[in-house]
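Single-letter residue listing:
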Amino acid sequence: QEEAPEKKADAAATKKDGAGEQRAVVSYWGVPHSRITKEDGSNWRWACFRPWETYEADLSIDLKKHHAPTTFLDKIAFWTVKALRWPTDIFFQRRYGCRAMMLETVAAVPGMVGGMLLHLKSLRRFEHSGGWIKALLEEAENERMHLMTFMEVSQPRWYERALVLAVQGVFFNAYFLGYLLSPKFAHRVVGYLEEEAIHSYTEFLKEIDKGTIENVPAPAIALDYWRLPPGSTLRDVVMVVRADEAHHRDVNHFASDIHYQGHPLKEAPAPLGYH
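On a predicted model such as this, the values are computed, not experimentally measured, just so you know.

Trainee: Explanation requested: the packing of helix 6 (residues 183-210) against helix 8 (residues 234-260) in the structure shown.
Mentor: Helices that pack against each other are described as a pair by the angle of their axes relative to one another and the distance between those axes. Helix 8 packs onto helix 6 with a crossing angle of 160° between their chain directions and a minimal axis gap of 8 Å. In this view, helix 6 runs roughly antiparallel relative to helix 8, as classed from their interaxial angle. As for how helix 6 packs across helix 8, the hand of that crossing is left-handed. In the contact of helix 6 with helix 8, the residues fall into 16 nonpolar, 8 polar and 10 charged.

See below:
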């Protein structure tokens, strides 16, 4: 006798994987489970990103580029970021693994906020965004992958997790309001935040080179996401993350410049895939 659909929906199929047994939910709605394999035929182990979303970081990017603040808004943005760095230096000092964890929980917010607001604007005005919605969401996703990587390297303490909740709650609402009032100011703030991120990761590398921080093997998630060769280490991970931050610096300063010239973002094609 055939089972009722309701019972099938509650059933679970058991499948064996290299890591052991996993319970796969059987869907009444017929939604298939995605089974993806790598080029060598082995199972793709990550559900949070796919092979076509991986890439090799461009390490040749100029890390020293800086936007000199000239306008009043630029100076406010610059000194706002400098002020935010001060309590971070005091709290984390030279614990760069945990500092990176905190940095990435904040850095992933602006792209999501900007992408969301541009999405709503596109719906209201019945117009395309020039690719900027996707570009900003790509940035947010890239920053989130940084966080997933550093979570494997440093296990945050309970009070650091609590600090993340507080900082993210304040920063999200502040950035949301700032983007509504002045997108050119909001993007400039992110540009300067990324410049500070480059500085932090440069200091991180110095500590690794001095032996203060152990150069442990790179997490498996980093090997696949950045297509790093086998045997890569934490130093290699910090190098590619720093390159990503430099690209985000460029994109946000570019977005701010577009607004300063009196143009909407949609008039300048977005740099999609520009990590």
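Trainee: Where do I start with the nonpolar core in this structure?
Mentor: Among the nonpolar cores identified, the biggest contains 31 residues, and L118, W132, F171, Y175, Y179, V189 and L265 are the most heavily contacted of them. If you list the elements that add at least two residues to this core, you get helix 2 (72-92), helix 3 (96-125), helix 4 (132-153), helix 5 (158-181), helix 6 and helix 8. At 7 residues, the largest contribution of residues to this core is made by helix 3. Every residue in contact with L118, bar those within four places of it in the chain, is listed here: W132, I133, L136, Y179 and L265.

Trainee: Any chance you could explain the pattern of salt bridges here in plain terms?
Mentor: Side-chain pairs of opposite charge can arise where the charged atoms are in close proximity. Summed over all chains, the structure comprises 10 salt bridges. Of the charged contacts, one joins E196 and K82 as a salt bridge, the two residues approaching to 2.8 Å between their closest N and O atoms. Here K82 lies in helix 2 and E196 lies in helix 6, a separation of 114 residues in the sequence. According to the relative accessible area criterion, E196 is buried, its value standing at 13%. On the basis of relative accessibility, which here comes to 29%, the residue K82 falls in the partly exposed class. R235 is paired through a salt bridge with D209; the nearest N and O atoms lie 2.7 Å apart. In this pair, R235 sits in helix 8 while D209 sits in helix 6, placing the two residues 26 residues apart along the sequence. You can call R235 partly exposed: its relative accessible area is 28%.

Trainee: Just checking my understanding: could you explain a nonpolar patch on the surface for this structure?
Mentor: Together, M116, L120, L123 and F172 line one region of the surface with nonpolar side chains, adding up to about 320 Å² of accessible area. Top contributing element to the nonpolar patch by residue count: helix 3, with 3 residues. Relative to the helices and strands, M116 resides in helix 3. A relative accessible area of 31% means that M116 is categorised as partly exposed.

Trainee: Is there a simple way to explain the UniProt feature "binding site: Fe cation 1" (unreviewed entry) in the chain in this structure?
Mentor: The sites that UniProt annotates as "binding site: Fe cation 1" (unreviewed entry) are E104, E143, H146 and E245. The greatest C-alpha distance among the annotated residues, which extend across 142 residues, is 10.2 Å, indicating that they converge on a single site. Structurally, the position occupied by E104 is in helix 3. Contacts of E104, omitting those with residues within four sequence positions, involve E143, H146, L147, F150, Y201, V241 and E245. One polar contact links E104 to H146, side chain to side chain, over a distance of 3.4 Å.

Trainee: Teacher, can you tell me more about the packing of aromatic side chains here?
Mentor: Evaluated as defined, the whole model comprises 14 aromatic pairs. When the centroid spacing of 5.5 Å and the interplanar angle of 80° are considered together, the rings of Y55 and Y225 count as edge-to-face. Of this pair, Y55 sits in the loop between strand 2 (20-25) and helix 2 while Y225 sits in helix 7 (residues 220-225), and the two are 170 residues apart along the sequence. Judged by its relative accessible area of 4%, Y225 falls in the buried class. Feature note: the residues W44, W46, F49, Y55, Y225 and W226 constitute an aromatic cluster, connected by ring pairs. Positioned over the ring face of Y260 is K184, at 4.7 Å from the centre of the ring.

Trainee: Would you explain the environment of E127 in this entry?
Mentor: Residue placement: E127 occurs in the loop between helix 3 and helix 4. For E127, a relative accessible area of 22% puts it in the partly exposed group. Through-space distance from the C-alpha of E127 to that of K266 is 9.0 Å; in sequence the pair is 139 residues apart.

Rules used in this analysis
Residues numbered from 1 in each chain as written. Predicted model: local features only at pLDDT ≥ 70, side-chain atom pairs only at ≥ 80, totals over all residues. Heavy atoms only, no water. Axes fitted to C-alpha atoms, helices over the stretch in contact; angles between N-to-C directions. Helix = DSSP H or I, 4+ residues; strand = E, 2+ residues; numbered from the N terminus. Parallel < 35°, antiparallel > 145°, perpendicular 65-115°, else oblique. Left-handed = near helix turned anticlockwise from the far one by under 90°. Nonpolar A, V, L, I, M, F, W, Y, C, P; charged D, E, K, R; others polar. Core = buried A, V, L, I, M, F, W, Y, C linked by side-chain atoms within 4.5 Å. Buried < 20%, exposed > 50% of the residue type's maximum accessible area, 1.4 Å probe, protein only. Contact = heavy atoms within 4.5 Å. Salt bridge = Lys/Arg side-chain N within 4 Å of Asp/Glu carboxyl O. Patch = residues over 30% accessible without salt bridge, like charges linked within 9 Å, V, L, I, M, F, W, Y side chains within 5 Å. Areas by Shrake-Rupley, 256 points an atom, 1.4 Å probe, with all protein chains shown as cover. UniProt positions renumbered as here; feature names shortened; annotations may be inferred. Polar contact = N/O pair within 3.5 Å; in protein donor to acceptor, adjacent residues only side chain to side chain. Phe/Tyr/Trp six-rings, centres within 6.5 Å; stacked < 30°, edge-to-face > 60°. Lys NZ or Arg CZ within 6 Å of the ring centre and 35° of its normal.

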